[in-house]
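# A structural walkthrough
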Amino acid sequence: MPLRKVGQIRPREDASPVTPEEPAPQRQREDDLIDLTSSDEELDEALSQIPLARPNDGLTDQQRDVVRAAKAPDDIPPGGEIIRVTAAAGTGKTTTLEHVARRLLQDLGHRKVTYLVFNKAAQAEAQNRLHGNVVCRTLHAQAYRLMSFDEENGNGKVSLKPEEEMPKYVLETFRNDINRFYERVPKDLVKYNARRRCAFFIWKTVVRFMQSADDEIEGFEHWRFGKCYYPAVLHAKGSPGAKEKRLPNEPEEKEATKFYCKCAERLWRKMRVDFNGTGLSECGFWTYDGVMKQVQLEDCEVPTRTILVDESQDCTPCQITWIEDKRARGKQIFFVGDSAQTIYSFRGAKSMHLAGMNGITRDFQLTNSFRFGPNIAAVANTILFGKMNSPQGHTFTHYSVVGGNPNPGTVSRSSEDVTEAIETLLARAREEGEKEPSVTLLAWKNVSLIVAALKYLSAKEDARIAIYGNDAGGRGGKKETWAKACKEVELIFKMYQEPDVQHEMPYYEFLDDKGRYEHFTYAEFKSVVDARELGKYNVHVGLIEAYGSATMTKVKAFKERVLRAKVDPARCDVILSTVNQAKGAEWSNVLVLDDLATLAAFNADADGLNRKRGHRPTKPAPFAEFQWKEYGDDFNLWYLWYVACTRAKRRLAVPAAYFDVEESFEEARRVATNEGVEEEEVEAEEFVEVEEVRALPEPWRSAQRPAVTSLTFIPPRQFAAKRGLYTAKQVARIHALGVEKDRFLSRGL
């Protein structure tokens, strides 16, 4: 049998041509060649026996499998390859990609490799670690480069338009259309806020399109579900979930969605930049997402034969589709990420896009975490188990993480007193030999961190508090953002003090169509911030809601003792960070604050779930499910739990909301078996006899169960206080779910 180069299965006359940037690989020496058949299985077997160029690289077997999947330019099939790598927290995905890039360049003959990341901080980190011939760019920067665009200045012919300015542009451009939209509404009710809301809905419908994988026809087909901005649909329906009430005689759903989609389509046509001609757009400006969408629609080429995409769970469908389509051009594409860590849904990223990707050639997992040991891994796996056994089960790739750090780590229930919780963690760290330890506070909301810091300062006057993103590393200017909020909150506090008086809001976001600043009462201001999605003002409102009449005193203390303090991050007591900002970071001691979503909520009415989905149940399900919504504002909060808890390396303190899960399962077991329940307290129809529990079918494996969806919400917390909410069968199903959870933690998937 003739000798062939490793991975070269057969000669190909139709092989994709090598680009000018990718010359054919150098010929290998005769002793580097092995005898192979054309069988893919035998090829994989042979490749698995070949040591990498650096056998003492410190990689795990899972990492080496990923590195071995890299191919030389001539070995990539004409139809290309997509390799998906699901990387759990702390499993060394960047190190793995570093070795993939090194193998491609030094061992397989590639001249250059494209490495795409989510943000500039990740780009800078990757560029410092990787070979000079690895082109590291953000996805947006790569798109702009292909369009001869500069990330800051565009092409010099059209200007960048910030997103917050777009509703005003839409209001001016579509003024006549909006007036016709409200022609049946009494004129005295059609004020600026109503017209601006209409313009906002048009703009957000365009944003939905730009972040989607839709083409220019499908993207605006108003009769299809999901093509119109969903809050606009809720508003047109007059739904209780709408943020503002629909005006009398305002167009209803069918008419309204058609209007928003048609206007959005016209707006998109105005925004398109003529890259191949004048370099102009009809509207005279460009937006980041607009250029990204054009690159996807025009299927712009990426010049290298191999593309590495890091943190791919944070990509929008538009970005994933653009890169995914390069497979057809004979490219090997590595999508690396974790669909269980998607925390940017507000930017269009959804875990299901990575989990449900089509055309995957090979699927790998990195599940051995170097960051933490088995005790912290058990917390992560409990949260993952909850996702698997909930309406979110189909939205991410299932796995269990292994705590590979030799230090097992400790997990404790945090005190409701944040000062006590911090001091307990610090004392434990000192007892275990850590010199000058600090505790990182993680929360969903900025205001939760500020309130916690002020509580700690009131008890510890000499406390040293650093801010992640400024004092303690990380990306972003959190200190500047908070300083601006503390400066602006005084005006909003005056609204709070005079609740019946309308006050002028002298900020750009509140200029009306005649160039005048709007006036609001405090209640009106809160409603407008919510309806217009002006999240930057949530800190202002949150501080006032937390402190009331003492707000300004607390704000002054925070400015003086945190924002203006010069803190050495190596000698601080506390570090403040939101969970979103902490993505990718790690600390020895982590305290998760109690502002995340409820975990211990269950739906045990499995038959009802099947009926709601239109299925005819063949037999009752033997277990319950976690009642976590598949869609809605709380969709991401389950992922925040996972991301927050997996930032800890040694010591993790979590609030009672986490321990409620285990305690609820234990209470379900106790109630289902009548253990410790006095005879006179038991109502026969509410509880399950021991024989019934034993007779339950063996719980199915989570991967075999069909996904179910429900909108029913059963209040969580202790069963003992709310037994009446659960029937005998429901309690038994919750107990069975707890048994399945224990099996998952002991065995994994």
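Residues numbered from 1 in each chain as written. Predicted model: local features only at pLDDT ≥ 70, side-chain atom pairs only at ≥ 80, totals over all residues. Heavy atoms only, no water.

### Let's talk about the overall build of the chain
Summing up its helical and strand segments, the chain has 26 helices and 20 strands in all. Every one of the 749 residues in the chain was classed for burial, and the buried ones make up 55%. Nonlocal contacts in the chain, meaning residues at least 24 apart in sequence, comprise 77% of its contacts between residues at least 6 apart. Summing over all exposed atoms, the chain offers an accessible surface of approximately 33,700 Å²; the carbon and sulfur share of this is 48%. (Helix = DSSP H or I, 4+ residues; strand = E, 2+ residues; numbered from the N terminus. Buried < 20%, exposed > 50% of the residue type's maximum accessible area, 1.4 Å probe, protein only. Contact = heavy atoms within 4.5 Å. Areas by Shrake-Rupley, 256 points an atom, 1.4 Å probe, with all protein chains shown as cover.)

### Here's the deal with the sheet that holds strand β16 (residues 574-578)
Spatial ordering of the open sheet is given by β11-β20-β17-β12-β16-β13, a layout of six strands whose pairing is parallel. The two strands at the open ends of the sheet, each matched to only one other strand, are β11 (410-413) and β13 (465-467). Across the sheet, the axes of successive neighbouring strands diverge by a mean angle of 25°, strand direction being ignored. Pairing between β11 and strand β20 (residues 648-654): four bridges, direction parallel. For Thr 410, the partnering residue across the bridge sits in β20 and is Arg 651. (Pairing = 2+ DSSP bridges. Axes fitted to C-alpha atoms, helices over the stretch in contact; angles between N-to-C directions.)

### Structural notes on the nonpolar core
Residues Tyr 642 and Leu 652 are the most contacted members of the largest nonpolar core, which totals 61 residues. Those elements that place two or more of their residues in this core are α14 (374-388), α21 (579-582), β17 (587-592), α23 (637-645), β20, α24 (656-672) and α26 (728-747). With residues near it in sequence (within four places) discarded, Leu 652 still touches Ile 376, Val 379, Thr 410, Val 411, Ser 412, Val 590, Val 592 and Cys 645. Listed in part, the 51 residues of the second largest apolar core include Val 451, Ala 453, Val 539 and Leu 576. (Core = buried A, V, L, I, M, F, W, Y, C linked by side-chain atoms within 4.5 Å.)

### Details of the environment of Gln 296
Note that Gln 296 resides in helix α11 (residues 288-297). On the basis of relative accessible area, Gln 296 is assigned to the buried category, the value being 7%. Discounting chain neighbours no more than four positions away, the residues touching Gln 296 are Ser 212, Ala 213, Asp 214, Cys 318, Thr 321 and Trp 322. A polar side-chain atom of Gln 296 sits 2.7 Å from a polar atom in the side chain of Lys 293. (Polar contact = N/O pair within 3.5 Å; in protein donor to acceptor, adjacent residues only side chain to side chain.)

### A few points about the pattern of salt bridges
Charged atoms that come close allow side chains of opposite charge to pair. Considering all chains together, one arrives at 49 salt bridges under this definition. Here Lys 741 makes a salt bridge to Asp 742, at a shortest N to O gap of 3.4 Å. Take Lys 741: its relative accessible area is 2%, and that puts it in the buried class. Given the relative accessible area of 42%, Asp 742 is considered partly exposed. Here the salt bridges share partners, and the residues they tie into one network are Glu 216, Glu 265, Arg 269, Arg 272 and Glu 298. (Salt bridge = Lys/Arg side-chain N within 4 Å of Asp/Glu carboxyl O.)

### What to know about the sheet that holds strand β8 (residues 362-366)
Pairing is parallel across the open sheet formed by six strands, whose spatial order is β3-β2-β6-β7-β1-β8. The sheet is open, and its two borders are formed by β3 (134-138) and β8, each paired with just one other strand. For this sheet, the mean inter-axis angle between neighbouring strands, taken without regard to orientation, is 15°. Relative to strand β6 (residues 306-309), strand β2 (residues 113-117) runs parallel, the two being bridged by three bridges. Along β6, the bridge assignment pairs Thr 114 with Ile 307. Strands in contact with helix α4 (residues 120-129) are β2 and β3; relative to β3, the strand with the most contacts, it is inclined by about 170°. The strands touched by helix α12 (residues 317-324) are β1 (81-87), β2, β6 and β7 (332-337); relative to β7, the strand with the most contacts, the crossing angle is about 150°.

### Remarks on helix α15 (residues 418-431)
Taking 1.5 Å as the rise per residue, α15 with 14 residues should run 20 Å; its terminal C-alpha atoms sit 20 Å apart, in good agreement. Every buried residue of α15 is accounted for by Val 418, Thr 419, Ala 421, Ile 422, Leu 425, Leu 426 and Ala 429. Down the axis of α15, the smallest arc covering the buried residues is 170°, so these residues share one side. Buried residues along α15 sit in contact with β12 (439-443), α16 (446-459), β16, β17 and β20. Where α15 starts, the residue carrying a side-chain oxygen 3.0 Å from the main-chain nitrogen of Thr 419 turns out to be Asp 417. Just downstream of α15, Gly 433 is the residue with a positive phi angle, here 95°. (Expected span 1.5 Å × (residues − 1). Arc of directions from axis to C-beta.)

### Here's the deal with unusual backbone geometry
In this model, Asn 249 sits at a positive phi of 65°, which is unusual for a non-glycine residue. Along the chain, Asn 249 turns up in the loop between α9 (230-237) and α10 (253-271). At Glu 533, a residue that is not glycine, the phi angle is positive and equals roughly 55°. In this fold, Glu 533 is placed in the loop between α18 (522-531) and α19 (538-547).

### A closer look at the confidence of the model for the chain
For the chain, the mean per-residue pLDDT works out to 80, and 79% of the residues sit at or above 70. Low confidence marks residues 677-724, where pLDDT is under 50. Its contacts with residues over four positions away, or in another chain, come to 108 contacts. (pLDDT = per-residue confidence, 0-100.)

### Section: the packing of aromatic side chains
Counted according to the given criterion, the structure contains 31 aromatic pairs. An aromatic cluster is defined as three or more aromatic residues linked by ring pairs; in this entry it consists of Phe 181, Tyr 182, Phe 200, Phe 201, Tyr 229, Phe 259 and Tyr 260. Between Lys 168 and the ring centre of Tyr 508, over which it is positioned, the NZ or CZ distance is 4.0 Å. Directly above the aromatic system of Phe 209 lies the positively charged group of Lys 293, at a separation of 4.7 Å from the ring centroid. (Phe/Tyr/Trp six-rings, centres within 6.5 Å; stacked < 30°, edge-to-face > 60°. Lys NZ or Arg CZ within 6 Å of the ring centre and 35° of its normal.)

### Comments concerning α16
Relative to the 20 Å expected for 14 residues at 1.5 Å per residue, α16 spans 21 Å between its end C-alpha atoms, a close match to the ideal helical length. Across the 14 residues of α16, 10 count as buried, placing the element largely inside the fold. Turning to α16, its buried residues are Val 447, Ser 448, Leu 449, Ile 450, Val 451, Ala 452, Ala 453, Leu 454, Tyr 456 and Leu 457.

### Here we look at the pairing of β17
Within a regular beta strand, the side chains point alternately toward one face of the sheet and then the other, so they alternate between its two faces. Across the six residues of β17, five count as buried, placing the element largely inside the fold. Where β12 and β17 come together, three bridges link them in parallel fashion. Paired with Thr 440 across the bridge in β17 is Val 590. Both β17 and β20 contribute to a ladder of four bridges, which runs parallel.

### Section: the environment of Val 592
With respect to the helices and strands, Val 592 occurs in strand β17. Considering only alpha carbons, one finds Val 592 and Leu 652, 60 residues apart in sequence, at a separation of 7.8 Å. Contact partners of Val 592, with chain neighbours within four places excluded, come to Ser 414, Leu 442, Ala 644, Cys 645, Leu 652, Ala 653, Val 654 and Pro 655.

### Concerning the packing of helix α17 (residues 478-497) against α19
Remark: α17 packs on α19, axes separated minimally by 9 Å, with the N-to-C direction vectors making an angle of 55°. The orientation of α17 relative to α19 falls into the category oblique. For the element pair α17 and α19, the recorded crossing hand is right-handed. Mapping the contact onto sequence places Ala 485, Glu 488, Val 489, Ile 492, Phe 493 and Tyr 496 in α17 and Val 539, His 540 and Ile 544 in α19. Residues of the contact of α17 with α19, tallied by class, amount to seven nonpolar, one polar and one charged. (Parallel < 35°, antiparallel > 145°, perpendicular 65-115°, else oblique. Left-handed = near helix turned anticlockwise from the far one by under 90°. Nonpolar A, V, L, I, M, F, W, Y, C, P; charged D, E, K, R; others polar.)

### Some words on the environment of His 140
Position of His 140 relative to the elements: it lies in helix α5 (residues 139-146). Other than its neighbours up to four places away in sequence, His 140 contacts Tyr 288, Asp 289, Met 292 and Gln 319.

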